[in-house]
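Structural overview for review
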Amino acid sequence: MADLSIDFAGIRSPNPFWLASAPPANSGEQVMRAFDAGWGGAVWKTLGDPIVNVSSRFGAVDYAGQKVMGFNNIELITDRGLEVNLREIREVKKRYPKHAVIASLMTETKEDWKVLIRRCEDAGVDGLELNFGCPHGMCERGMGSSVGQEPKLLQEITAWTKEFAKTPVLVKLTPNIGDILDPGIAAVKGGADGLSLINTIKSIIGVDLDRMVPEPRVGNASTNGGYCGPAVKPIAMHMVASLARDPEVTIPISGIGGISNWRDAAEFIALGSTSVQVCTAVMHYGFRIVEDMIDGLSNYLDEHGMTSVRQLVGRAIPGFREWGDLDLGYQIVAKIDANKCIGCQLCVAACQDGAHQCIFTGPNDQQRPPHAHYPGTAKAPRPQILGTQAGDRVPWVDEPECVGCNLCALVCPVPGCITMVETSNETGDTWNRRVQEGRDKVPGGIHE
Amino acid sequence: MKSVLPQQRDELELKDKKPLYSAAEAKAEADRCLYCQDAPCIKACPTEIDIPTFIKKIATDNVRGSAKTIFEQNLLGYSCARVCPVEVLCVGACVYNAWHREPIQIGRLQRYATEKATQPGKPPLFTSAPPSGKKVALIGAGPASLACAGYLALQGHAAVIFEKRPYAGGLNTTGIAPYKLHAEDSLHEVEWVQSLGVEVKTGMELGKDIFGKDLLRDYDAVYLGVGLGEDTKLRIPGEEGDGIYGATAWIEAMKLTPTAGRKLGRVLVVGGGNTAIDVARECALLGATEVTMVYRRDAASMSGYHHEMEGARKEGVRLVTRATPVAFERDAQGKLTGLKVAVDGTEQVLPCDMVALAIGQSKMHAIAAEFPGVELDARGCIVADPTNGATGNAKVFSGGDCINGGKEVVNAVADGRNTARYLEQSWK
């Protein structure tokens, strides 16, 4: 069985699954139950001067019957006294010495950082995470994302903390910025030992159209919050990969953003994360989800001949290329399995209205599509295929016209019914090469 | 005029088998719909409601828009949602069937949208056009006439319905199985159609209170939506006397008259159509000690729907096939005791306390006679163009059971609507 343990900038953890700094990591009692369930580490809900929260404070986006696709909150850092939290941290480390306990911190002055770091390290934390990401409430007070959005300030505060800290310092980044490399590299220059990202995205989750108040509603008003959950995963992965690809970023990354299961975690790790942090999925389903995360990742590694999770870190990075280096000659076309088709014809609607007009219905629909990408090369469409279930409702693909965009396969509700089949392999013809060789102008442009 | 039904009626003992969805249930079901292109459910609907569109509107909480989408094609979408044999129409055509998954519950969603959007206090869904000066008389207040009158009224034409019964709604009021639709729900729908500008005059019988020649003189068109006549009799010995009912007459009494508090004993239902299955199920649900259907051919030949017969079986209805009624048997006091049937060359007596005859209904010869040029076919049905209801008299149109011999409510609605559209076009 593969070894799931990790060493993150010196922070050791039995597996890469950490609780993110958030409500699930708010108390010793929760963190200990999480460790019992299998979590390898926890980033304690951000410590600092306790705040007063509002009610309500969470909102969610549901989509087509699926609950909590996206989630947002207007909750702030801990509302519990520092001494209470530190006493519980001490207790957790005493009972769970091999698990990672990281204190998330947020405060203002250099002196405050010094005191806060010293007291946390005295309590036995394995590392520190600087919260430069919170996009609501704290940033208006000059903390959270207001630091994360100012690379110079971020670098300076990181440097302060490095003066005081004996344990590794992680910098948690906000995604509310033009280019994630700016704060990421600033953190590296400030001496950070690791990066955590993404924090939540500034958001309004919804509007109560009867009361005319945004949600989540606090009396008769609301404010912007921080967006997270499954919906933000693609944004988070892009930012993680951006940093992981950059040669200046030589420190480990803790990936955060919509991770709900082992597959999400494996994708983040393949894009360069050493550990992953989970919050929304735990808030939705509880600590128990980690059992499958551990089991699934372990089975995946075994099945792919990897003996440790470290071997997976960054494995997909070489597969990332800039657009100009993608192969222009590679071609796939859609194939509809007439025996699986149920005749909903969503592929027809999608292809006709949203793509390239190459999927048709009915034996009489033999006319050419309204445009051809390379006029004069089109061949007659294939004869109609009759399905076993959907009868003559099975659509057909005019293969010479198919540009291989994927849309039909994406909208088809039946697994395995539409597949994209390779018709030519990579040719090495890329846009960048065309530019080099002066072949970058395609007929039909501005100066013709 | 608002019709008032007796408070205590047998039909009220039979509860709704498919109750109104809650908002959460409706949304969950609507969210399952794939929103098929050129959807097969639309083609399976005789009124061609844009089903995927109305379902998507429920999913987005646009219930008012959903109801409008339904009513634009089917003004009686509310009762059709509850009485349509969706299993063999829209739901039967759902692509989920090909996938061996539970098809979308289109009927229940349609009921949700139409019932919610027409509740008291909701703003009107439609605004009728200004008066056009055209007037149409409609005979019979069943679904065909109601649909025709409603669409005419929306276009600004005066539509007056004449109904011989004290209640409007036709079979929706008098004949639908109560676990699908109670009479007051049908009357609620009639009131909604009236709210569009339709006038309904009850207690007006053709040939007695009103006459064809007067209507032809006073109106721009006449619509015959008269349905079918009285239940057919077997014409075998012992048929005269207590205990033997025509099926539709029995159902009407059960639905509309004050409960007799009667105890149903052993019931025989003669026939194999949907009316036979309906009355058998209703008797079983009302507590009959025994309900047996008697059908002269084999089960595969029955014209009743398979899914309805399955429902009847679950409620304890027995089926005797290949049995031809020969004579009714009565005791010395004249009380019904049994029905003698011939089964495969032998004769046997099926003991019973009541018999319902569901073997067809007579046709309306007298109605046609009121209007010169209107002809009947060999089955006794009014001859009309199925696309627009036109008859041999240029001013007279017809639709529903009286032209097709007895089909679904939704077919009658389609007929009425098509005539209304035809008239609207020809008056432009």
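Residues numbered from 1 in each chain as written. Chains lettered and ligands numbered in written order. Predicted model: local features only at pLDDT ≥ 70, side-chain atom pairs only at ≥ 80, totals over all residues. Heavy atoms only, no water.

1. Quick notes on the overall build of chain A
As a reminder, the rule being used: Put simply, DSSP H or I for four residues or longer makes a helix, DSSP E for two residues or longer makes a strand, and each gets a number counted from the N terminus. For every residue, the accessible area (1.4 Å probe, protein chains only) is compared with the maximum for its type, and the residue is labelled buried under 20%, exposed over 50%, or partly exposed between those bounds. Here a residue-residue contact requires only that any non-hydrogen atoms of the pair lie within 4.5 Å.
In terms of regular secondary structure, chain A is built from 13 helices and 20 strands. By principal-axis analysis of the C-alpha atoms, chain A measures approximately 80 × 55 × 50 Å. The buried share of chain A, reckoned over its 448 residues, is 52%. When contacts within chain A are restricted to residue pairs at least 6 apart in sequence, long-range pairs at least 24 apart make up 71% of them.

2. Some thoughts on the overall build of chain B
As a reminder of what qualifies: Atoms counted for the radius of gyration: C-alpha only. Globule rule: 2.2 Å times residue count to the power 0.38. Here the open area of atoms and residues is found with the Shrake-Rupley method and a 1.4 Å probe, where only the protein chains shown may cover a residue. Note on charges: Lys and Arg go in the positive column, Asp and Glu in the negative column, and His and the chain ends are not counted at all. Every charge is mapped to an atom, namely NZ of Lys, CZ of Arg, CG of Asp or CD of Glu.
Looking only at helices and strands, chain B features 17 helices and 13 strands. Computed over its C-alpha atoms, the radius of gyration of chain B comes to 22 Å, within 12% of the 22 Å expected for a compact globule of 428 residues. Burial statistics for chain B: of 428 residues in total, 56% are counted as buried. If you sum the accessible surface of chain B, you get close to 18400 Å²; carbon and sulfur atoms cover 51% of it. Seen as two clouds, the 50 positive and the 52 negative side-chain charges of chain B have centres 3 Å apart.

3. Brief notes about the layout of surface pockets
Sizing a probe to match a water molecule and rolling it over the atoms shows the empty space that remains. Keep this limit in mind: Both site types are read off a 1 Å grid over the protein atoms alone. A 1.4 Å probe that fits but cannot get out defines a cavity, while an open set with protein on both sides within 12 Å along at least five of seven lines defines a pocket; lining residues have an atom within 4 Å of a point. Grid points are joined across faces, edges and corners, and a volume is the space filled by probe spheres set on the points. Residues are grouped as follows: nonpolar covers Ala, Val, Leu, Ile, Met, Phe, Trp, Tyr, Cys and Pro; charged covers Asp, Glu, Lys and Arg; every other residue, Gly included, is treated as polar.
By volume, the second largest pocket amounts to about 660 Å³. Surrounding the second largest pocket, 21 residues form its lining, Asp62(A), Tyr63(A), Ala64(A), Lys27(B) and Ala59(B) being those nearest its centre. By residue number, the principal contributor to the lining of the second largest pocket is strand 5 (residues 58-63) of chain A, which donates 5 residues. Residue composition of the lining of the second largest pocket, grouped by class: 9 nonpolar, 5 polar and 7 charged.

4. As for the interface of chain A and chain B
Heads up, the rule is: Using a 1.4 Å probe, buried area is obtained as the accessible area two parts lose upon being combined, added over both of them. Just to be clear on terms, a salt bridge is a Lys or Arg side-chain nitrogen sitting within 4 Å of an Asp or Glu carboxyl oxygen. Between N or O atoms, a polar contact is any pair within 3.5 Å; within protein, one atom must be a potential hydrogen donor and the other a potential acceptor, and residues adjacent in sequence are included only when both atoms are from side chains.
Facing the 14 residues of chain A at the interface are 13 residues of chain B. In total, about 1100 Å² of surface goes out of reach between chain A and chain B, with carbon and sulfur atoms giving 60% of it. The interface formed by chain A and chain B contains 0 salt bridges. Across the contact surface, chain A and chain B share 4 residue pairs in polar contact (both at pLDDT 80 or more).

5. Regarding the packing of aromatic side chains
The geometry of an aromatic ring pair is captured by two quantities: the separation of the ring centres and the angle between the planes. Note the following rule: A pair of Phe, Tyr and Trp rings is counted when the ring centres sit within 6.5 Å of each other, with Trp represented by its six-membered ring. The angle between the planes then sorts it: under 30 degrees is stacked, over 60 is edge-to-face, the rest tilted. Think of it as a cone above the ring: NZ of Lys or CZ of Arg counts as a charge over the ring if it is within 6 Å of the ring centre and within 35 degrees of the ring normal.
Per the stated rule, a full pass over the model turns up 10 aromatic pairs over all chains. Lying across the ring of Phe320(A), Arg245(A) places its NZ or CZ 3.7 Å from the centre. Residue placement shows Arg101(B) over the ring face of Trp99(B); its charged tip is 3.7 Å from the ring centre.

6. Here we look at the side chain of Thr174(A)
Residues and elements named next belong to chain A. Tracing the sequence through the fold places Thr174 in the loop between strand 9 (169-172) and helix 6 (181-189). Its relative accessible area of 0% is what places Thr174 among the buried residues. In this structure Thr174 touches Phe132, Gly133, Ser145, Gly148, Gln149, Ile180, Asn199 and Thr200, once residues within four positions along its chain are discounted.

7. Things to note about the environment of Cys347(A)
All names here are of chain A. Mapped onto the secondary structure, Cys347 falls in helix 11 (residues 346-354). For Cys347, a relative accessible area of 9% translates into the label buried. When the C-alpha atoms of Cys347 and Tyr227 are compared, they prove to be 32 Å apart, with 120 residues separating the residues in sequence. Aside from chain neighbours lying at most four places away, what touches Cys347 is Ile336, Ile359, Pro395, Cys408, Val411 and Ile418.

8. Thoughts on the sheet that holds strand 14 (residues 225-228) of chain A
Residue and element names in this part refer to chain A. Our working definition: Two strands make a pair as long as DSSP finds a minimum of two bridges between them. For helices, the fitted axis covers only the stretch in contact; all axes are lines through C-alpha atoms, and the angles between them, taken along N-to-C directions, range from 0 to 180 degrees.
Taken in spatial order, the 4 strands line up as 5-6-14-11 in an open sheet, and their pairing is antiparallel. With partners counted over all chains shown, the strands left at the sheet margins are strand 5 and strand 11 (201-203), one partner each. Mean inter-strand twist for the sheet, computed between neighbouring axes without regard to direction, equals 40°. Relative to strand 14, strand 6 (residues 66-73) runs antiparallel, the two sharing 3 bridges.

9. Points about a nonpolar patch on the surface
All names here are of chain A. For the record, the criterion: Only residues above 30% relative accessible area that lack a salt bridge enter a patch, with like-charged residues linked at up to 9 Å and the nonpolar side chains Val, Leu, Ile, Met, Phe, Trp and Tyr linked at up to 5 Å.
Together, Trp323, Leu326, Leu328, Trp431 and Val435 give the surface a local cluster of nonpolar side chains, amounting to about 470 Å² of exposed area. Its place among the elements puts Leu326 in the loop between helix 10 (290-303) and strand 17 (331-336). Note on Leu326: relative accessible area 38%, which makes it partly exposed.

10. Focus: the nonpolar core
Where we set the bar: Residues belong to one nonpolar core when they are buried, are Ala, Val, Leu, Ile, Met, Phe, Trp, Tyr or Cys, and are joined through side-chain atoms within 4.5 Å.
Ranked by size, the top nonpolar core spans 97 residues in total, and within it Ile336(A), Ile359(A), Ile51(B), Phe54(B), Ile55(B), Ile106(B) and Leu109(B) carry the most contacts. Excluding residues that lie within four positions of it along the chain, Ile51(B) makes contacts with Cys41(B), Ile42(B), Cys45(B), Cys90(B) and Ile106(B). The next biggest cluster of nonpolar side chains, apart from the first, holds 90 residues, and it includes Val92(A), Trp113(A), Leu173(A) and Ile259(A).

11. Structural notes on the pattern of salt bridges
The final tally for this structure, using the stated rule, is 50 salt bridges over all chains. One salt bridge in this structure joins Glu437(A) and Arg439(A), with 3.0 Å as the shortest N-O distance. We note a salt bridge from Asp218(B) to Arg217(B), for which the minimum N-O separation is 2.9 Å. Relative accessible area serves as the criterion here: at 35%, Asp218(B) is assigned to the partly exposed category. Of the residues examined, Arg217(B) reaches a relative accessible area of 59% and is grouped as exposed. Through salt bridges with shared partners, a single ionic network connects Asp16(B), Arg82(B), Arg111(B), Glu115(B) and Asp185(B).

12. Digging into the sheet that holds strand 7 (residues 290-294) of chain B
Adjacent strands of a sheet pair through backbone hydrogen bonds, lying either parallel or antiparallel. All names here are of chain B. Pairing in this open sheet of 5 strands is parallel, and the strands run 5-12-6-7-8 from one edge to the other. Of all the strands in the sheet, the pair left with one neighbour each is strand 5 (244-246) and strand 8 (318-320). Neighbour to neighbour, the strand axes of the sheet diverge by 25° on average, direction disregarded. When strand 6 (residues 266-270) meets strand 12 (residues 354-357), the two strands line up parallel, connected through 4 bridges. Within strand 12, the residue paired with Val270 across the bridge is Leu357. Set on the sheet, helix 12 (residues 247-256) makes contact with strand 5 and strand 12; between it and strand 5 the angle comes to about 90°. Here helix 13 (residues 274-285) sits on the sheet in contact with strand 6, strand 7 and strand 12, set at roughly 170° to strand 7.

13. Describing helix 13 of chain B
Residue and element names in this part refer to chain B. To keep it simple, the criterion reads: A helix is expected to reach a length of 1.5 Å times the quantity of its residues less one.
For helix 13, with 12 residues, the first-to-last C-alpha span of 16 Å sits near the 16 Å given by 1.5 Å per residue. With 9 of 12 residues buried, helix 13 is to be regarded as a mostly interior element. The complete set of buried residues in helix 13 reads Ala276, Ile277, Asp278, Val279, Ala280, Arg281, Glu282, Cys283 and Ala284. Those residues of helix 13 hidden inside the fold are in contact with helix 12, strand 6, strand 7, helix 14 (306-314) and strand 12.

14. Topic: the state of the cysteines
Filter applied, for reference: Throughout, a disulfide means two cysteine sulfur atoms within 2.5 Å of one another.
Applying the stated criterion to the full structure yields 0 disulfides over all chains. Take Cys279(A): it sits in no disulfide, and the sulfur closest to it among the cysteines is that of Cys228(A), at 6.0 Å. Classification of Cys279(A) by relative accessible area gives buried; the value is 17%. Between Cys94(B), a cysteine without a disulfide, and Cys36(B), which holds the nearest cysteine sulfur, the sulfur-to-sulfur distance is 6.7 Å.

15. Remarks on the packing of helix 8 (residues 262-270) of chain A against helix 10 of chain A
All names here are of chain A. Note the following rule: These descriptions rest on fixed angle ranges, namely under 35 degrees for roughly parallel, over 145 for roughly antiparallel, 65 to 115 for roughly perpendicular, and the rest for oblique. Put simply, a crossing is left-handed when the front helix is turned counterclockwise from the back one by less than a right angle, and right-handed when it is turned clockwise.
Interhelical geometry of helix 8 versus helix 10 gives an angle of 55° and a closest axis separation of 8 Å. Considering the angle they form, helix 8 stands oblique to helix 10. Between helix 8 and helix 10 lies a crossing whose hand is right-handed. Residues Trp262, Ala266 and Ile269 of helix 8 form the contact with helix 10, whose own contacting residues are Asp292, Met293, Gly296, Leu297 and Tyr300. When grouped by side-chain class, the residues that make up the contact of helix 8 with helix 10 number 6 nonpolar, 1 polar and 1 charged.

16. Regarding the environment of Phe397(B)
All names here are of chain B. Secondary-structure assignment places Phe397 in strand 13 (residues 396-398). We classify Phe397 as buried; its relative accessible area is 5%. Distance from Phe397 to Gly416, taken between C-alpha atoms, is 9.2 Å for residues 19 residues apart in sequence. Setting aside residues no more than four positions away along its own chain, Phe397 makes contact with Ala221, Val222, Tyr223, Leu224, Asn388, Gly389, Ala390, Thr391, Thr419, Tyr422 and Leu423.

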